[in-house]
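One letter stands for each residue in the lines below.
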Amino acid sequence: MDYKKAGVDIEAGYKSVELMKEHIKKTMRPEVLTNIGGFSGAFSMDAFKNMEHPTLVSGTDGVGTKLKLAFLMDRHDTVGIDCVAMCVNDIACAGGEPLFFLDYIACGKNIPEKIALIVKGVAEGCAQSGAALIGGETAEMPGFYPEDEYDLAGFAVGVVDQKDLITGADIRPGDALIGIASSGVHSNGFSLVRKVFSMDKETLDTYHEELGRTLGEALLEPTKIYVKTMRMLKEAGVRVKGCSHITGGGFYENVPRMLPEGVRAVIKKDSYEVPAIFRMLAEKGEIEEKIMYNTFNMGIGLVIAVDEQDVEKAFQAVRAAGETPYRIGAVWAGEKGVDVC
């Protein structure tokens, strides 16, 4: 008996690392001091010495049950983008610049080519956000995961000068709420999605005119990364007072997280067109409207609060970043919370 006969192929692990190196190389920043394959990743902070109070911000998350679609469709090159996005968008919400990222892949069987595809997506997400992929772990766990399944999670660290932290403390009645378009369902609510739609290849491969592609392609669309958008808002001189990443819990859970006591967010449903994938979900699943807004992003991946006088400048910056902004509401005096009306 040996480790391979027990289900863990060490040689496959070595091959996975070799195959992923070409993707990881594309994410390197000058601050990275170590090579892939060591026991840890080292990152120099010298470049941030000129900040008054350099402050580290972090985020960790996974892809969740969206991975089930990747298994069914045998598509593994984009879920890594989702993993990175879920972490770095939270850092961007605090005003931070993502510095580096580490991933964790746990699988039933290490198939080097599949692992390399997953890491290719992680590297693409890192490239989009400017974060270096400085390390990770691939754990082969036979008997714990089915041979053709895996889990994917990650961890990111960023930096921000303390004076530039976005905390929401200065949000006031009269401030404008700007929504930035999502790319679709992102990586939340898939436990409900999988109950609404039959999770079989025929259903996922069916083309829908209103989606302009197959259902599976629409659902697997990677999560938007908003790091560039937040950076361009800052460079344009827009003071973002508060920022909310619309993830699990939709509008009702996430928007209040950026609000101080004594103010209420009022969001107008008719201020933008809800994408077709959400209309399909609501109709097919007979899901109440409030549940939709309490589960999904409904086409808005990020909500920012800005002073009324900064609205036009903010729109210009968001568009310059290649994203679509909508004026979706305003901040009112009242009990902390959100009204979607």
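Residues numbered from 1 in each chain as written. Predicted model: local features only at pLDDT ≥ 70, side-chain atom pairs only at ≥ 80, totals over all residues. Heavy atoms only, no water.

### A few points about empty space enclosed by the protein
Evaluated as defined, the whole model comprises 1 cavity of 30 Å³ or more. When its volume is computed, the largest cavity comes out at roughly 40 Å³. Residue lining of the largest cavity: Cys107, Lys109, Ile111, Lys114, Ile115, Glu147, Asp148, Glu149 and Tyr150, and that is the complete set. Its residues assigned to classes, the lining of the largest cavity shows 4 nonpolar, no polar and 5 charged. (1 Å grid on protein atoms, 1.4 Å probe; cavity = no way out; pocket = protein on both sides within 12 Å on 5 of 7 lines; lining within 4 Å. Points joined across faces, edges and corners; volume = space filled by probe spheres on them. Nonpolar A, V, L, I, M, F, W, Y, C, P; charged D, E, K, R; others polar.)

### Structural notes on the layout of surface pockets
There is about 560 Å³ of room inside the second largest pocket. The leading source of residues in the lining of the second largest pocket is helix H8 (residues 227–235), at 5 residues. Its residues assigned to classes, the lining of the second largest pocket shows 13 nonpolar, 6 polar and 10 charged. (Helix = DSSP H or I, 4+ residues; strand = E, 2+ residues; numbered from the N terminus.)

### A short note on the state of the cysteines
Taken as a whole and judged by the stated rule, the model has 0 disulfides. In this model cysteine 93 remains outside any disulfide bridge; the closest cysteine sulfur is found in cysteine 243, 3.3 Å from its own. With a relative accessible area of 11%, cysteine 93 lands in the buried category. Here cysteine 126 is not cross-linked by a disulfide; its sulfur's nearest cysteine counterpart is in cysteine 83, at 8.9 Å. (Disulfide = S-S within 2.5 Å. Buried < 20%, exposed > 50% of the residue type's maximum accessible area, 1.4 Å probe, protein only.)

### Focus: the UniProt feature "domain: PurM-like N-terminal" (unreviewed entry) in the protein chain
Taken from the UniProt record, the annotation "domain: PurM-like N-terminal" (unreviewed entry) applies to residues 55–160. Overall, residues 55–160 shows 38% helix and 37% strand. The separation of its end C-alpha atoms is 5 Å. (UniProt positions renumbered as here; feature names shortened; annotations may be inferred.)

### Describing the UniProt feature "domain: PurM-like C-terminal" (unreviewed entry) in the protein chain
UniProt's feature table lists "domain: PurM-like C-terminal" (unreviewed entry) at residues 172–337, given in the numbering used throughout. In the segment residues 172–337, helix accounts for 34% and strand for 22%; the C-alpha atoms at its two ends are 14 Å apart.

### Here's the deal with the sheet that holds strand E11 (residues 325–333)
Taken together, the 6 strands give an open sheet; going across it, the order is E8-E10-E5-E11-E9-E12, and neighbouring strands pair in mixed fashion. The strands lining the two open edges of the sheet, one partner per strand, are strand E8 (242–245) and strand E12 (337–340). On average, each strand axis in the sheet is inclined to that of its neighbour by 25 degrees, with strand direction left out of account. Across the sheet, helix H12 (residues 311–320) touches strand E5 (176–181), strand E10 (300–306) and E11, and the angle it forms with E11 is around 145 degrees. (Pairing = 2+ DSSP bridges. Axes fitted to C-alpha atoms, helices over the stretch in contact; angles between N-to-C directions. Contact = heavy atoms within 4.5 Å.)

### A closer look at the packing of H8 against H12
The geometry of H8 relative to H12 is characterised by a closest axis approach of 8 Å and an angle of 140 degrees between their N-to-C directions. On the basis of the axis angle, H8 is oblique to H12. H12 is crossed by H8, and the crossing has right-handed handedness. Contacts between H8 and H12 pair Thr229, Met232 and Leu233 from the former with Ala314, Ala317, Val318 and Ala320 from the latter. Along the lines of polarity and charge, the residues of the contact of H8 with H12 split into 6 nonpolar, 1 polar and no charged. (Parallel < 35°, antiparallel > 145°, perpendicular 65-115°, else oblique. Left-handed = near helix turned anticlockwise from the far one by under 90°.)

### Notes on unusual backbone geometry
If you check the backbone angles, aspartate 74 has positive phi at about 55 degrees while not being a glycine. Relative to the assigned elements, aspartate 74 resides in the loop between helix H2 (67–73) and helix H3 (79–93). A relative accessible area of 56% means that aspartate 74 is categorised as exposed. With phi around 55 degrees, methionine 298 is a residue other than glycine that occupies positive phi space. Take methionine 298: it is sitting in the loop between helix H11 (289–293) and E10. Given the relative accessible area of 6%, methionine 298 is considered buried.

### Quick look at the packing of H3 against helix H4 (residues 112–129)
Running from N to C, H3 and H4 cross one another at 40 degrees; their axes reach a closest spacing of 6 Å. Judged on the interaxial angle alone, H4 and H3 are oblique. For the pair H3 and H4, the sense of crossing is right-handed. From H3, Gly80, Ile81, Val84 and Val88 reach across to H4, where they touch Ile118, Gly121, Val122, Glu124, Gly125, Cys126, Gln128 and Ser129. Grouping the amino acids of the contact of H3 with H4 by side-chain chemistry returns 6 nonpolar, 5 polar and 1 charged.

### Here's the deal with the pairing of E10
In terms of burial, E10 is largely enclosed, as 7 of its 7 residues are buried. Across 6 bridges, E5 lies against E10 in antiparallel orientation. Bridging across to E10, isoleucine 178 finds its partner in isoleucine 304. Bridge count between E8 and E10: 4 bridges; the pairing is antiparallel. Across the sheet, glycine 242 pairs through a bridge with alanine 305, a residue of E10.

### Details of the sheet that holds strand E3 (residues 132–140)
Reading across the sheet, the 4 strands line up as E1-E4-E2-E3 and stay open at both edges, with mixed pairing between neighbours. For this open sheet the edge positions go to strand E1 (54–62) and E3, each flanked by a neighbour on one side alone. Averaged over neighbouring strand pairs, the angle between their axes works out to 15 degrees when direction is ignored. Strand direction decides the pairing type here: E1 and strand E4 (residues 150–161), joined by 9 bridges, are antiparallel. Directly across from valine 57, in E4, lies its bridge partner glycine 158. Against the sheet, H3 engages E1, strand E2 (97–107) and E4, with an angle of about 30 degrees to E4. Its contacts with the sheet place H4 against E2, E3 and E4, and it is angled at close to 165 degrees to E2.

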